[in-house]
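# Residue-level structural notes
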Amino acid sequence: MEMLIVVAIIAILVAIAIPTFASSLNKARVAVDEANIRSGYAEVMTEVLMNGDNYNVETGDGNELTYYLKADGSVATDKTELYATTGENKSAVKIAGSEVAAWKTKQNVTYTYKDGKVTITVGAVA
């Protein structure tokens, strides 16, 4: 009888621990995604400042620039080897002054620079 009680207590503890562990793991993945998105934002700003041919940062004149976050952490204008999110974020977050909507796993990150502002979008790339 005592052995059944011990097994029941262990089963209850495991039932409590597994969802908590899964939630913590997803939070860690979302934190990694946010860090990668912030890093990509910093690189986009560097690209815009260094790329004087397409956009005049001082006057705001120029074409709209679109960059994609790559799997290696860099940003580029081509759609190959894109970064895919690893966690599921269920609420919007503010990253680098830009509101980023909730996202699911395996979605891509796009940065659009227009009129002196970067818009960050997480979703499937067309």
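Refer to the structure above for everything that follows.
Conventions adopted
- Residues numbered from 1 in each chain as written.
- Predicted model: local features only at pLDDT ≥ 70, side-chain atom pairs only at ≥ 80, totals over all residues.
- Heavy atoms only, no water.
- Helix = DSSP H or I, 4+ residues; strand = E, 2+ residues; numbered from the N terminus.
- Contact = heavy atoms within 4.5 Å.
- Areas by Shrake-Rupley, 256 points an atom, 1.4 Å probe, with all protein chains shown as cover.
- Buried < 20%, exposed > 50% of the residue type's maximum accessible area, 1.4 Å probe, protein only.
- Pairing = 2+ DSSP bridges.
- Salt bridge = Lys/Arg side-chain N within 4 Å of Asp/Glu carboxyl O.
- Core = buried A, V, L, I, M, F, W, Y, C linked by side-chain atoms within 4.5 Å.

On a plain count of helices and strands, the protein chain comes out with one helix and eight strands. Sequence-ordered secondary structure for the protein chain, helices as α and strands as β, is α-β-β-β-β-β-β-β-β. Here the C-alpha coordinates of the protein chain stretch approximately 80 × 25 × 20 Å along the principal axes. In the protein chain, of all internal contacts separated by at least 6 residues, the share reaching a separation of at least 24 is 48%. Of the roughly 8100 Å² of accessible surface on the protein chain, 59% is carried by carbon and sulfur atoms.

Turning to the pairing of strand 3 (residues 65–69), a few remarks are in order. Burial analysis of strand 3 places four of its five residues in the buried class, which makes it a mostly covered element. Sheet analysis places strand 3 next to strand 7 (residues 108–114), joined by four bridges and oriented antiparallel. When the sheet's bridge partners are listed, threonine 66 is paired in strand 7 with threonine 112. Judged from the two bridges that link them, strand 3 and strand 4 (residues 75–76) form a sheet pairing that is antiparallel. In the strand pairing of strand 4, tyrosine 68 is matched with alanine 76.

Our focus in this paragraph is the sheet that holds strand 4. In spatial order, the strands read 4-3-7-8; together these four strands make up an open sheet with antiparallel pairing. Every interior strand has two partners, whereas the edge strands, strand 4 and strand 8 (117–123), have only one. Where strand 7 meets strand 8, seven bridges bridge the pair, whose relative direction is antiparallel. Looking at strand 8, one finds that valine 109 is bridged to valine 122.

Here the focus is the pattern of salt bridges. By the definition in use, this model includes three salt bridges. One salt bridge in this structure joins lysine 114 and glutamate 64, with 3.9 Å as the shortest N-O distance. Here glutamate 64 lies in the loop between strand 2 (61–62) and strand 3 and lysine 114 lies in strand 7, a separation of 50 residues in the sequence.

One finds Ile37, Val109, Tyr111 and Ile120 to be the most contacted residues of the largest nonpolar core, which totals 19 residues. Within the residue set of this core, elements represented by two or more residues are helix 1 (2–50), strand 3, strand 5 (93–95), strand 7 and strand 8. Top contributing element to this core by residue count: helix 1, with four residues. In this structure isoleucine 120 touches Ile37, Tyr41, Ile95, Ser98, Glu99, Val100, Val109, Thr110 and Tyr111, once residues within four positions along its chain are discounted.

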